[in-house]
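What the coordinates show
Spelled out from the first residue to the last, the chains are:
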Amino acid sequence: MLYSMRWRVILSNIALAIIAMGGLSLFLHSYLRNTIIDSMRNNLLAETRLLAEQSSQALQGEQPTQALTALVRQYARSFDQRVTIVSPDGRVIGESLRPPNQMENHLTRPEIQSALSGVEATTIRYSTTFQADMLYAAIPLRSNGEIIGVARMAVSLAEVENNLAIIRRTLLIAALLTILAAILLAILLGNFTVRPLQQLTHSVIQMKDGTTSEVGSPERLDEVGQLERAFGEMTSRLNSQIDELRSERGKLAAVLTYMTDGILIADKKANLQLINPSAREIFHISKSREVINHSLIEVIRHHQLVKLLQKCQESNTPQSALFETTPDRLFIQAIATPLTVSMPGHTLLVFQDLTRIRRLETVRRDFISNVSHELRTPLASLKAITDTLMEGALEDPPAAKRFLLRMNQEIDNLTQMVRELLELSRIESGKVPLETRPIAPLDLVSPAVERMRLQAERAGLSLRMDISPHLPQVMADPERLEQVLVNLLHNAIKFTPPGGEIVVGAYGEGQRNVFFVRDSGVGISPDAISRIFERFYKADRARSGGGTGLGLSICRHLVESHQGHIWAESMPAQGSTFYFSIPTTILPTNENL
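This one's a predicted model, so the numbers in the text were calculated from it and none came from an experiment.

A contiguous nonpolar patch, built from Leu-24, Phe-27, Tyr-31, Leu-32 and Ile-36 and spanning about 440 Å² of accessible area, is present on the exposed surface. Mapped onto the elements, Phe-27 comes out in helix α1 (residues 5–59). Taking the relative accessible area as the measure of exposure, Phe-27 reaches 49% and is therefore partly exposed.

Pasting the structure below:
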């Protein structure tokens with residue numbers, strides 16, 4: 001019998017009916033009981049909260065005992081429930097059943113202990129007073145943030161259990177009747193269902209034997225034919241949809257993988273559901289680390305980001321924030337957007353790296369500040385001179401001539417500053433071509449030394465070269481490197497006292513030639529040595545001697561355009577040495593900066 005499909009269908013339906021009705025009965029009984037008790041619990045908590053609020057006020061009144069007694073009796077009459085007020089030490093100070101002084105200490109009651117710890121509590125336990133299960137609700141009484149007692153209300157569950165007993169009997173009778181009906185229906189359905197399958201099986205066997213005369217037409221209109229056509233169409237549609245979903249998923253995965261912005265998706269519990277490689281790179285999360293379904297604060301330890309997510313979830317509107325990561329100090333803009341329509345309860349977080357933009361803005365702001373600072377002094381001087389001349393100094397030829405000479409000096413300073421600014425701008429923008437050719441280091445150094453020798457002698461300084469004629473040649477633009485050496489020599493002459501010495505030379509170091517300008521001047525402080533190649537930066541010693549603060553910045557850009565490196569070594573009152581290295585190998589074919 002068990003090998004017959006008909007009986008397997010019948011017995012399966014009967015077993016299914018028994019299991020379903022039994023399970024449904026148990027579920028309904030449990031569901032109804034829980035629903036009723038939950039409803040009673042919520043109502044009891046709401047009533048107890050009202051009692052707690054009024055009890056707190058009564059305890060703080062002038063006659064707390066009388067006020068509590070009246071309040072307890074009022075609530076007991078209104079809600080037909082047991083009402084109890086307990087002090088923090090467990091002593092009953094208000095009771096609706098009998099006088100409080102006849103009640104035992106309630107400190108050990110579980111709901112009382114929970115309420116005294118600051119948590120609203122409900123519990124179901126057997127009451128010896130009522131000889132029945134009771135539902136208790138306890139709410140802490142507070143005053144200025146401190147717990148001053150507990151308000152408790154209780155309701156009997158005896159009536160609920162009586163009603164549930166009636167429901168159990170009703171469900172049992174209904175389940176038995178339903179099972180009997182299901183048995184009869186299973187027998188009928190078994191015969192009705194198996195018969196067309198037997199016919200289909202017979203047709204398939206005939207097809208196997210090569211006889212096709214009795215094979216049903218694919219256009220048959222009965223249930224089996226409709227099922228076959230519907231299943232075929234459904235399979236075709238599912239395959240098509242799966243292919244489309246696979247294609248869309250591949251496109252989305254490619255976008256998330258190769259986009260430069262970091263992407264995170266978090267659920268309503270702040271657990272990560274998606275993270276792309278850019279986000280992993282921004283927050284230094286290794287590819288092998290599993291972070292899906294982990295807490296956001298556990299994966300990305302940044303309080304501003306957690307606050308941003310919480311604010312977005314609370315307001316259900318897009319939110320943004322700017323913050324820096326450590327230790328890379330990346331300046332990140334984070335945008336949190338709730339996915340209300342497509343993924344309810346989830347939040348999309350996009351991280352844009354604005355570090356380069358911020359640094360460019362800082363450079364632009366510093367440049368404007370430095371230019372303004374450098375222009376302010378000569379312009380103020382020119383203004384003062386012109387005002388003096390207009391006030392009558394023109395009538396004094398010697399004084400007028402002296403003021404005009406001073407104006408000429410200030411105009412020369414402004415002209416030099418503008419010229420150096422333009423030169424620096426052209427170098428940085430790559431508009432200054434390099435005409436490189438092989439040249440010996442001695443041929444680079446000699447013209448610059450001879451050009452500055454007279455100026456050094458006038459300043460009372462000794463200028464000499466220390467360079468071997470056998471150093472390998474470098475590919476360089478002689479005019480541009482001569483400009484670097486002249487600027488370094490000019491600074492050395494400017495800040496070396498009379499009687500000092502300046503040495504210009506070069507030496508080989510691996511695949512590079514290192515050029516240097518050494519003086520015995522006033523030196524540079526350690527704090528300034530790292531910034532002297534910035535635009536407009538002047539150490540204290542340079543501010544006393546004028547200058548635009550652009551010369552060393554121009555030197556740095558010209559040296560770097562030759563694939564070189566420039567640096568300085570100095571100590572206050574011990575002189576300075578400026579170095580720059582140029583490769584002895586051939587530069588790339590692109591000869592523009």
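To summarise the sheet geometry, strands pair through backbone hydrogen bonds and adopt either a parallel or an antiparallel arrangement. The strand order across the open sheet built from 5 strands is β7-β6-β10-β9-β8, with neighbouring strands paired in antiparallel fashion. On the outer flanks of this sheet lie β7 (272–275) and β8 (319–324), each paired with one strand and no other. Pairwise comparison of adjacent strand axes, ignoring direction, gives a mean angle of 20° for this sheet. Strand direction decides the pairing type here: β8 and strand β9 (residues 331–338), joined by 6 bridges, are antiparallel. Pairing of Ser-320 across the sheet is with Ile-335, part of β9.

This paragraph deals with the pattern of salt bridges. Under the defined criterion, the tally for this structure stands at 14 salt bridges. A salt bridge links Glu-248 to Lys-251; its shortest N-O distance comes to 3.9 Å. Of this pair, Glu-248 and Lys-251 both sit in helix α5 (residues 223–258), 3 residues apart, which is roughly one turn of that helix. On the accessibility criterion, Glu-248 (46% relative accessible area) is partly exposed. The residue Arg-453 makes a salt bridge to Glu-450 at a minimum N-O spacing of 3.3 Å. Of this pair, Arg-453 and Glu-450 both sit in helix α11 (residues 441–458), separated by 3 residues, roughly a single helical turn. Residue class for Arg-453 comes out partly exposed when judged on its relative accessible area of 24%. Three or more residues are tied together by salt bridges with common partners; here these are Glu-111, Arg-125 and Arg-152.

Read from one edge of the open sheet, 5 strands run β2-β1-β5-β4-β3, paired in antiparallel fashion. Both outer strands of the open sheet, β2 (92–95) and β3 (121–127), are each paired with one neighbouring strand and no more. For this sheet the average axis-to-axis angle between neighbouring strands, irrespective of direction, equals 25°. For strand β1 (residues 82–86) and strand β5 (residues 146–156), the ladder comprises 5 bridges, and the chain directions are antiparallel.

Looking now at the packing of aromatic side chains. Under the counting rule described, the total for this entry stands at 8 aromatic pairs. When the centroid spacing of 6.2 Å and the interplanar angle of 40° are considered together, the rings of Tyr-507 and Phe-516 count as tilted. Here a set of aromatic residues connected by ring pairs shows up, and it is made of Tyr-507, Phe-516, Trp-567 and Tyr-579. Positioned over the ring face of Tyr-136 is Arg-125, at 4.2 Å from the centre of the ring.

The rules behind each value
Residues numbered from 1 in each chain as written. Predicted model: local features only at pLDDT ≥ 70, side-chain atom pairs only at ≥ 80, totals over all residues. Heavy atoms only, no water. Patch = residues over 30% accessible without salt bridge, like charges linked within 9 Å, V, L, I, M, F, W, Y side chains within 5 Å. Areas by Shrake-Rupley, 256 points an atom, 1.4 Å probe, with all protein chains shown as cover. Salt bridge = Lys/Arg side-chain N within 4 Å of Asp/Glu carboxyl O. Helix = DSSP H or I, 4+ residues; strand = E, 2+ residues; numbered from the N terminus. Buried < 20%, exposed > 50% of the residue type's maximum accessible area, 1.4 Å probe, protein only. Pairing = 2+ DSSP bridges. Axes fitted to C-alpha atoms, helices over the stretch in contact; angles between N-to-C directions. Phe/Tyr/Trp six-rings, centres within 6.5 Å; stacked < 30°, edge-to-face > 60°. Lys NZ or Arg CZ within 6 Å of the ring centre and 35° of its normal.

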